[in-house]
Amino acid sequence: MSAPLDASKLTIELTKTPSSPLPKDELVFGKTFTDHMVEVEWSKEEGWGAPKISPRHPLTLDPATVVFHYSFELFEGMKAYLDSKGEVRTFRPNKNMERMNRSAKRAALPEFDGEEFLKIIDQFLLVDKKFIPQGEGYSLYLRPTLIGTSVGLGVSKPDHALLYLIASPVGPYFGPNFKPVSLEATEYAVRAWPKGYGQYKLGANYVSSIEPQTQAAKKGHNQNLWLFGEEGYITEVGAMNVFFVFKNGDKKELVTPPLNGTILPGVTRDSTLQLARTKLSADEWIISEREITIHQVKEKAANGELLEVFGTGTAAIVSPVNNIEFRDEHIKVPTGDKFGPLTENVLEWIKSIQYGETEFDDWSRVAKKL
Ligand SMILES: *Cc1c(COP(=O)(O)O)cnc(C)c1O
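Reading the values: rules and limits
- Residues numbered from 1 in each chain as written.
- Predicted model: local features only at pLDDT ≥ 70, side-chain atom pairs only at ≥ 80, totals over all residues.
- Heavy atoms only, no water.
- Near = heavy atom within 4 Å.
- Polar contact = N/O pair within 3.5 Å; in protein donor to acceptor, adjacent residues only side chain to side chain.
- Areas by Shrake-Rupley, 256 points an atom, 1.4 Å probe, with all protein chains shown as cover.
- Nonpolar A, V, L, I, M, F, W, Y, C, P; charged D, E, K, R; others polar.
- Salt bridge = Lys/Arg side-chain N within 4 Å of Asp/Glu carboxyl O.
- Helix = DSSP H or I, 4+ residues; strand = E, 2+ residues; numbered from the N terminus.
- Buried < 20%, exposed > 50% of the residue type's maximum accessible area, 1.4 Å probe, protein only.
- Domains from an automatic or database assignment.
- Contact = heavy atoms within 4.5 Å.
- Buried area = accessible area lost by both parts, 1.4 Å probe.
- Axes fitted to C-alpha atoms, helices over the stretch in contact; angles between N-to-C directions.
- Parallel < 35°, antiparallel > 145°, perpendicular 65-115°, else oblique.
- Pairing = 2+ DSSP bridges.
- Arc of directions from axis to C-beta.
- Phe/Tyr/Trp six-rings, centres within 6.5 Å; stacked < 30°, edge-to-face > 60°.
- Lys NZ or Arg CZ within 6 Å of the ring centre and 35° of its normal.
- Core = buried A, V, L, I, M, F, W, Y, C linked by side-chain atoms within 4.5 Å.

Let's talk about the site of the ligand
Every one of the 14 residues lining the ligand counts as a neighbour, but Lys 201, Tyr 206, Glu 236, Thr 268 and Thr 314 are closest to it. In this structure, an oxygen atom belonging to the ligand sits 2.9 Å away from a side-chain N or O atom of Arg 99. Here an oxygen atom of the ligand sits 2.8 Å away from a polar atom, N or O, in the main chain of Val 267. Considering the ligand on its own, with 380 Å² of exposed area, one finds that the protein chains cover 96% of that surface. Residues belonging to the shell around the ligand are distributed by class as follows: 5 nonpolar, 5 polar and 4 charged.

Pasting the structure below:
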């Protein structure tokens, strides 16, 4: 019988050399880590082993391990927040677990009970709580990862895997020197395609995204805008989902591309849509998941109907866009150097739920000792 993931089997080994968290103003995204990590081994024979929290350490893997050869790797990106009462919260972490399991299935890696992993993550957060910086914009970035650890060069379903989690304290994505991002629309490469794997958070999706970003940076942009097809359908911005605000007759329209297989189903994207549908008046707003091309955006801008553009993702929540370069022309977003009004609202709505200041549904989970 292959065992299910079981949080009650958790063992905890604390570090003998505890480190001090860095001062808040020295935090750099993903560069420093907490003292501990989570690991759970899986094998085809035994299923999920006993989860363990232990001092953070290097992995020792044979050079023929499949993760190094065939990209048997997937990950999640989520955050833990310290609220004003000193409790530790995660934001819709069940959505990350659902997505991680979809990624696992697609990558021929083992699935697991997401609620059990969340209980383990909660214990980890309580162990490394001192590393969660307090204050607006501060959080602990969590990186759950699943890799295939079978040894051998045969291309087949891994019979060994490792589920692990590391964590990095982070400050506000946009420091005091906030500037909206400028994009280059990429035409010579696509991020994802219908029936591909762009909708899964597989490491394989990111290796090919750096060169287009580098090209965009050479022309002075911060990110690239991903297009798909002859029609120039807009799909994502860098590793974020993308939203547009248009003037549409006497209403405004919030538009994001639909989940058609070429879009990563972001938790922030889903939260933005649900909150917009709940909080914005239907007399004034249309909320759309529909296809949109770069040509339509250019035309809207020319007609004065382009109001706001922003990316969404866990790292920044929202990232305002002020310019899109497409075929040597610049599509200017009228919000210029500022957050657009809706972009700002979305940021505030989500932030206040993340830090436990506002309750919304069951979106904020408080870490409790097992
Ligand atoms: C992770 C990711 C997002 C954002 O997802 P969130 O769950 O909102 O953090 C968007 N696009 C890509 C390509 C991503 O990898």
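The structure having been displayed, the exposition proceeds.
Notes on the pattern of salt bridges
According to the stated counting rule, one finds 19 salt bridges in the structure shown. Notably, a salt bridge pairs Glu 136 with Lys 351, separated by 2.6 Å at the nearest N-O pair. Here Lys 351 lies in helix α7 (residues 341-354) and Glu 136 lies in the loop between α3 (114-127) and β8 (139-148), a separation of 215 residues in the sequence. For Lys 351, a relative accessible area of 13% gives the class buried. The salt bridge partner of Lys 351 is Glu 348, with a shortest N-O separation of 3.5 Å. Taken as a pair, Lys 351 and Glu 348 lie in helix α7 at a separation of 3 residues, close to a single helical turn.

Some thoughts on the domain arrangement of the chain
Examined at the domain level, the chain breaks down into domain 1 (7-172) and domain 2 (181-354). Taken together, the contacts link 20 residues of domain 1 with 19 residues of domain 2. A combined buried area of about 1,900 Å² lies between domain 1 and domain 2, and 60% of that area is made up of carbon and sulfur atoms. Linking domain 1 with domain 2 are 2 salt bridges, by the criterion used here. Our count for the contact surface shared by domain 1 and domain 2 stands at 10 residue pairs in polar contact (both at pLDDT 80 or more). Elements that contribute at least two residues to the side of domain 1 that touches domain 2 include exactly β5 (73-75), β6 (78-82), β7 (88-91) and α2 (93-106). Here the side of domain 1 that touches domain 2 takes 6 residues from α2, the largest share from any one element. Looking at the side of domain 1 that touches domain 2, its residues break down into 6 nonpolar, 4 polar and 10 charged.

A word on the packing of helix α5 (residues 267-279) against α7
As a packed pair, α5 and α7 sit with axes 10 Å apart at the nearest point and diverge in direction by 105 degrees. In terms of axis orientation, α5 runs roughly perpendicular to α7. Contact with α5, carried on its side by Thr 268, Ser 271, Thr 272, Leu 275, Ala 276 and Lys 279, involves Val 346, Trp 349, Ile 350 and Ile 353 of α7 and no other residues of that element. Grouping the amino acids of the contact of α5 with α7 by side-chain chemistry returns 6 nonpolar, 3 polar and 1 charged.

Here's the deal with the pairing of strand β18 (residues 329-332)
Relative to β18, strand β17 (residues 317-326) runs antiparallel, the two being bridged by 4 bridges. Within β18, the residue paired with Ile 324 across the bridge is Ile 331.

Considering the environment of Ile 120
Assignment of secondary structure puts Ile 120 in helix α3. With a relative accessible area of 0%, Ile 120 lands in the buried category. Taking the C-alpha atoms as reference points, Ile 120 and Glu 289, 169 residues apart in sequence, are found 35 Å from one another. In this structure, Ile 120 is in contact with Leu 5, Ala 7, Leu 10, Val 38, Pro 51 and Ile 53, ignoring residues within four places of it in sequence.

So, helix α6 (residues 294-302)
Inspection of α6 places Ile 294, Val 297 and Lys 300 among the buried residues, and these make up the whole buried set. Axial view of α6: buried residues confined to an arc of 120 degrees, hence all on one face. With respect to the buried face of α6, the exposed residues turned more than 90 degrees away are Glu 299 and Ala 302. Remark: Gly 304 follows α6 within two positions and exhibits a positive phi of approximately 75 degrees.

Considerations on the packing of aromatic side chains
Tallied over the entire structure, the rule returns 11 aromatic pairs. With centroids separated by 5.6 Å and ring planes inclined at 80 degrees, the aromatic side chains of Phe 112 and Phe 117 adopt a geometry described as edge-to-face. Considered together, Phe 112 and Phe 117 belong to a single accessibility category, that of buried residues. A centroid spacing of 5.8 Å and a plane angle of 80 degrees characterise the contact between Trp 193 and Tyr 197, whose relative ring orientation is edge-to-face. Taken together, the ring pairs in this structure connect Trp 48, Phe 112 and Phe 117 into an aromatic cluster. Over the face of the ring belonging to Phe 246 we find Lys 300, whose NZ or CZ atom lies 5.2 Å from the ring centre.

Describing the nonpolar core
In terms of nonpolar packing, the biggest core is built from 38 residues, with Phe 117, Ile 121, Leu 125, Leu 142, Leu 146 and Leu 163 touching the most fellow members. Listed by contribution, the elements that provide at least two residues to this core are β2 (36-43), β6, α2, α3, β8 and β9 (160-170). In terms of residue count, the dominant contributor to this core is α3 (6 residues). Setting aside its immediate chain neighbours within four residues, Phe 117 contacts Leu 5, Val 38, Met 97, Phe 112, Pro 144, Leu 163 and Leu 165.

With respect to the side chain of Thr 65
Position of Thr 65 relative to the elements: it lies in the loop between β4 (52-55) and α1 (66-70). The class of Thr 65 is buried, set by a relative accessible area of 0%. A distance of 2.5 Å separates a polar side-chain atom of Thr 65 from the backbone oxygen of Asp 62. Setting aside anything within four residues of it in sequence, one finds Thr 65 in contact with Gly 148, Thr 149, Ser 150 and Val 151.

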